[in-house]
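The primary structure of each chain is shown beneath.
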Amino acid sequence: MEKLFVSGDEAVALAVRQAKPHVIAAYPITPQTIVVERLADYVEDGSLNSEYLYVESEHSAMSAVIGSAAMGARSFTATSSQGLLYMVEGLHYASGSRFPIVMMNANRSLAAPWNIYGDQRDSLSQLESGWIQLYVENVQEAFDTTIQAYKIAENADVMLPVMVNLDGFVLTHTYEPLIMTDQETVDKYIPFARYSNAMNLDDPVNTCITAGPTYNTEFRWQQQLATLKAAEVVDSADKEFGELFGRSYGGMVEAYRCDDAEVILVTIGSVTGTARVVCDAYRAAGKKVGLLKLRCARPFPTEKIAAIVKNAKAVGVLERDISFGFEGAVFSDLNSALKQQNVNVPTYNYVGGLGGRSISKENIAEIFDALLSGKAEKPLEFINLRRDINYGA
Amino acid sequence: MALNAKTLPNEELFYGHKACGGCGGALAIRLALKVLGKRSIAVIPPNCMSTVAFIYPHMPLFVNGIIPPFAATAAVMSGVLAGARALGEEDFHVVGFAGDGGTSDIGLQSLSGSIDRNDKQIFLCYDNEAYMNTGIQKSGLTPYGTKTTNSPAGKNIHGSTSPKKRIFEIVAAHGIPYAATANVGYPEDFLMKLEKAKNCDGPSFIHVMAPCPTGWQTPSDSLIDIGKEAVDCGLWYLAEYENGEFKLNKNPKEFTPLKDYIRKQGRFSHLDDDDLKHIEEERDATWARIRRDWVK
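The rules behind each value
- Residues numbered from 1 in each chain as written.
- Chains lettered and ligands numbered in written order.
- Predicted model: local features only at pLDDT ≥ 70, side-chain atom pairs only at ≥ 80, totals over all residues.
- Helix = DSSP H or I, 4+ residues; strand = E, 2+ residues; numbered from the N terminus.
- Rg over C-alpha atoms; globule rule 2.2 N^0.38 Å.
- Buried ≥ 20, exposed ≤ 12 C-beta atoms within 10 Å, placed from the backbone.
- Contact = placed C-beta atoms within 7 Å.
- Pairing = 2+ DSSP bridges.
- Axes fitted to C-alpha atoms, helices over the stretch in contact; angles between N-to-C directions.
- Parallel < 35°, antiparallel > 145°, perpendicular 65-115°, else oblique.
- Left-handed = near helix turned anticlockwise from the far one by under 90°.
- Nonpolar A, V, L, I, M, F, W, Y, C, P; charged D, E, K, R; others polar.
- Expected span 1.5 Å × (residues − 1).
- Bend = angle between axes of the 7 residues up to and from the residue.
- Domains from an automatic or database assignment.
- pLDDT = per-residue confidence, 0-100.
- Core = buried A, V, L, I, M, F, W, Y, C linked by C-beta atoms within 7 Å.

A. Broad picture of the overall build of chain B. A count of helical and extended segments in chain B gives 11 helices and eight strands. Its C-alpha atoms give chain B a radius of gyration of 18 Å, within 12% of the compact-globule value 19 Å for 296 residues. The principal-axis extents of the C-alpha atoms in chain B amount to approximately 60 × 50 × 40 Å. Considering chain B as a whole, with its 296 residues, one finds that 52% of them fall into the buried category. Contacts in chain B between residues far apart in sequence, at least 24 positions, make up 67% of those at least 6 positions apart.

B. Inspection of the overall build of chain A at higher detail. For chain A, the count of helices and strands is 12 helices and 16 strands. Computed over C-alpha atoms, the radius of gyration of chain A comes to 21 Å, within 12% of the 21 Å expected from 2.2 N^0.38 for 393 residues, which places it in the range of a compact globule. Within chain A, the proportion of its 393 residues that are buried is 55%.

C. Broad picture of the sheet that holds strand β7 (residues 162–167) of chain A. All names here are of chain A. Reading across from one edge, β3-β2-β4-β5-β7-β6-β13 is the order of the seven strands in this open sheet, with mixed pairing throughout. Single-partner strands in this sheet number two, and they are β3 (51–54) and β13 (296–298). When strand polarity is set aside, the average angle formed by the axes of neighbouring strands in this sheet is 20°. Of the strand pairs in this sheet, strand β4 (residues 75–80) and strand β5 (residues 102–107) are connected by five bridges, and their pairing is parallel. Residue pairing in the sheet places Thr79 in a bridge with Asn105 of β5.

D. Fine view of the sheet that holds strand β8 (residues 245–248) of chain B. Taken in spatial order, the nine strands make up an open sheet running β9(A)-β2(B)-β1(B)-β3(B)-β4(B)-β6(B)-β5(B)-β7(B)-β8(B), and their pairing is mixed. A strand with exactly one partner marks an edge of an open sheet, and here the two such strands are β9 (206–207) of chain A together with β8 of chain B. As paired elements, strand β3 (residues 93–99) of chain B and strand β4 (residues 122–127) of chain B share five bridges and run parallel to each other. Looking at β4(B), one finds that Ala98(B) is bridged to Cys125(B).

E. Region of the structure containing the packing of helix α3 (residues 58–70) of chain A against helix α3 (residues 73–86) of chain B. In the contact formed by α3(A) and α3(B), the axes pass within 6 Å of each other and the chain directions differ by 40°. Judged by the angle between their axes, α3(A) and α3(B) are oblique. Helix-helix and strand crossings are classified by hand; for α3(A) and α3(B) the assignment is right-handed. Contacts between α3(A) and α3(B) involve Ser60(A), Ser63(A), Ala64(A), Val65(A), Ile66(A), Gly67(A), Ser68(A) and Ala70(A) from the first element and Ala75(B), Val76(B), Met77(B), Ser78(B), Gly79(B), Val80(B), Ala82(B) and Gly83(B) from the second. For the contact of α3(A) with α3(B), a count of residues per class yields nine nonpolar, seven polar and no charged.

F. Just the pairing of strand β11 (residues 263–267) of chain A, in detail. Residues and elements named next belong to chain A. Taking burial as the measure, the five residues of β11 include five buried ones, the bulk of the element. Residues of β11 alternate between two faces, with Val263, Leu265 and Thr267 on one and Ile264 and Val266 on the opposite face, all of them buried. Relative to strand β12 (residues 289–294), β11 runs parallel, the two being bridged by five bridges. Within β12, the residue paired with Ile264 across the bridge is Gly290. Sheet analysis places β11 next to strand β14 (residues 314–319), joined by four bridges and oriented parallel. Looking at β14, one finds that Leu265 is bridged to Gly316.

G. Region of the structure containing the interface of chain B and chain A. The interface of chain B with chain A comprises 36 residues on the first partner and 38 residues on the second. Counting residues per element, the side of chain B that touches chain A draws most heavily on α3(B), at 11 residues. For the side of chain B that touches chain A, the per-class residue count stands at 23 nonpolar, nine polar and four charged. With two bridges joining them, β9(A) and strand β2 (residues 64–66) of chain B adopt parallel strand pairing. Note that in β2(B) the partner of Asn206(A) across the bridge is Gly65(B).

H. Inspection of helix α8 (residues 216–245) of chain A at higher detail. Taking 1.5 Å per residue as the helical rise, α8(A) with its 30 residues ought to reach 44 Å, and the 42 Å between its terminal C-alpha atoms agrees with that figure. For α8(A), the principal kink sits at Ala231(A) and spans about 30°.

I. The arrangement of the domain arrangement of chain A in detail. All names here are of chain A. According to the domain assignment, chain A consists of domain 1 (3–245) and domain 2 (253–389). With centres defined by C-alpha atoms, the gap from domain 1 to domain 2 works out at 27 Å. At the interface, 28 residues of domain 1 touch 22 residues of domain 2. Elements supplying a minimum of two residues to the side of domain 1 that touches domain 2: α5 (121–124), β6 (132–135), β7 and α8.

J. Here's a closer look at the confidence of the model for chain B. Overall, the prediction assigns chain B a mean pLDDT of 97, with 100% of residues at 70 or greater. Scoring of the predicted complex yields 0.97 for pTM and 0.97 for ipTM.

K. Up close: the environment of Asp275(B). Turning to its location among the elements, Asp275(B) is positioned in helix α11 (residues 273–294). When the C-alpha positions of Asp275(B) and His158(B) are compared, they lie 9.9 Å apart, and in sequence the two are 117 residues distant.

L. Looking closely at the nonpolar core. Ranked by size, the top nonpolar core spans 215 residues in total, and within it Val162(A), Ile264(A), Leu124(B) and Val208(B) carry the most contacts. Two domains share this core, each providing at least three of its residues, namely domain 1 (3–245) and domain 2 (253–389) of chain A.

M. The arrangement of unusual backbone geometry in detail. Cis geometry is found at the peptide bond from Thr30(A) to Pro31(A), where omega equals 0°. Tracing the sequence through the fold places Pro31(A) in the loop between β2 (23–26) and α2 (33–45). Of note, Arg257(A) is a non-glycine position whose phi angle comes to about 55°, a positive value. If you trace the backbone, Arg257(A) turns up in the loop between β10 (253–256) and β11. Residue Asp91(B) is not a glycine yet carries a positive backbone phi of 60°.

N. Spotlight on α2(A). Residues and elements named next belong to chain A. Between its first and last C-alpha, α2 extends 19 Å over 13 residues, near the 18 Å set by a 1.5 Å rise per residue. Turning to α2, its buried residues are Ile34, Val35, Val36, Arg38 and Leu39. Backbone geometry just after α2 places Gly46 at a positive phi near 85°.

O. The arrangement of the confidence of the model for chain A in detail. Residues at a pLDDT of 70 or more form 99% of chain A, whose mean pLDDT is 97. Model confidence for chain A, summarised as mean pLDDT per element, is weakest for strand β16 (residues 380–382) of chain A at 96 and strongest for β7(A) at 99.

P. How the structure looks around the packing of α3(A) against helix α4 (residues 81–96) of chain A. All names here are of chain A. It is at 7 Å that the axes of α3 and α4 come closest, and there the two elements cross at 25°. What the angle tells us is that α3 and α4 run roughly parallel. Two packed elements cross with a definite hand, and for α3 against α4 that hand is right-handed. Here Glu58, His59, Ala61, Met62, Ser63 and Ile66 of α3 come into contact with α4, specifically with Gly83, Tyr86, Met87, Gly90, Leu91, Tyr93 and Ala94. In the contact of α3 with α4, the residues fall into eight nonpolar, four polar and one charged.

Q. Structural view of the pairing of β3(B). All names here are of chain B. Most of β3 is tucked away: seven of the seven residues are buried. Here β3 shows no split at all, with His93, Val95, Phe97 and Gly99 on one side and Val94, Gly96 and Ala98 on the other all buried. By the bridge criterion, four bridges tie strand β1 (residues 40–43) to β3 in an arrangement that is parallel. Counted as the bridge partner of Val43 is Gly96 from β3.

Printed below as a string of structure tokens:
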């Protein structure tokens, strides 16, 4: 088995090469850039036989892959932050017309104030776009999830676009060991068949059509059913991947040391790695803490989360975003899910890691301590806040 | 064999739609698809034509069709083309039908990008000189003096007072293999240009005037006559850009009276003699320039 030492961006590019998309269209933006550079290298050296489109904007990148997917071709794009927002119009075209595009998003803060470093305000602001949203913890998972994304997107009962999210810099630019999958098995895992809803030169099809009040709700209902169905497929794609390649991630969520946990911290993305270390240290000290890693934010794993946390005394949600005037988006979703499932556990929201600020082991330890001591009171707290320059408080 | 009314295929590929009577845009698409044929993929951004062509389940477009984001007609065309090419398709045409705003305003960035990529696709701008689908608002190709619903003619605003963007020349400045202007009032010239675009081995662009009786406040049976008159009075020219050279297809010795063309249209009803004089001066300056530069 080939073992490499690569960055998150490079891992995504390597995975895309194995997925063999027919069309790649992407516009460069930090910290996604290395993905599109490597893919261009692969096309240049002949190791990837894709149409590589130089587009003039992210809006056109998304539009181009809408066109290629509408033609029934496997397609890939990648973006970040402002670029994702510039694509927003197209995100809804892609999901509404059921085009199984796969996109890598390098999670990065949003202007203003300008910032190129990581947080998850970009993708979490797009939970309503109809895309399946996956978040990964490390380089290996970035690679594996990119390949899984095609399996999920192109499932006949799903046919929806998938966004694979990597924390900007912390993951996109961090080098870690990567175990490569062999091409033959990948081909078997994601065989390509031209999409059933594609345009057809011998039997014309109209797509991205207009549906007025008489039909619109039914199109949306079908979209809702397909997105709910995707929950099963995210799990089964991960399971099948595990059987073929020996690695799997729990599907929608990973419950880490949660079985007898008194407090559980929900994490999204690369911060999970830091939280694992703290969790292990606390367990070693006899403190019953667990982690719930959210891999899939849409569809939302309502039942799974409820089942995992139902016996805990407190649940914290650590997220790198905020819906101003309210709370973190994931926290809202989690509370709604628990209410829906009649699980009544106190929940607390920790907002941090904005604009690239590190979340340290100490920060996470403080959260665990507060949750364990029953002293966590505030429903929402900005962690690691510099009070010395906080003029508003 | 030259394409004309006799040699044009009988098969209709765009019919049964809900466009207004005497719609220039619908005629332009109908003729274009007759030339390009059934193995076409039409990319039609949100405009009058996509509005009448794609309302599920009433589907009057008999070729493959897709509504792209408004700003991204040409980018979706590029993707369609790349996808088809990658899947080994042959013998097909990717065509965009964008209006004046969808070409010269919101669609300009992606049009520019697609020419830069040298994608073999046909971009047809049907120009009815305003955003008609949303109820007649000014676009970058609305001519001087036009009364629209957001450039009213009153004491303080005198209709739209900016000149038409020179979109044909903007496109030509990219060094595009083939670009042309046309007019539905001169159908044989338009068909000839569609045929050239079809056979062009790279990006091509046709800017066709497509009068809009509803927006121009003209009778619905006036479509062809008024289109023709726009050319004859010198407010529209028929030209090509090919192999790096501009060419005038029609260089009238004399223009028909501009006043006749203007006075027929409700959208110009507020214009006074000074306006007419201004329009005439602008017209003459344009012709002096293009005759100097484009006629060998």
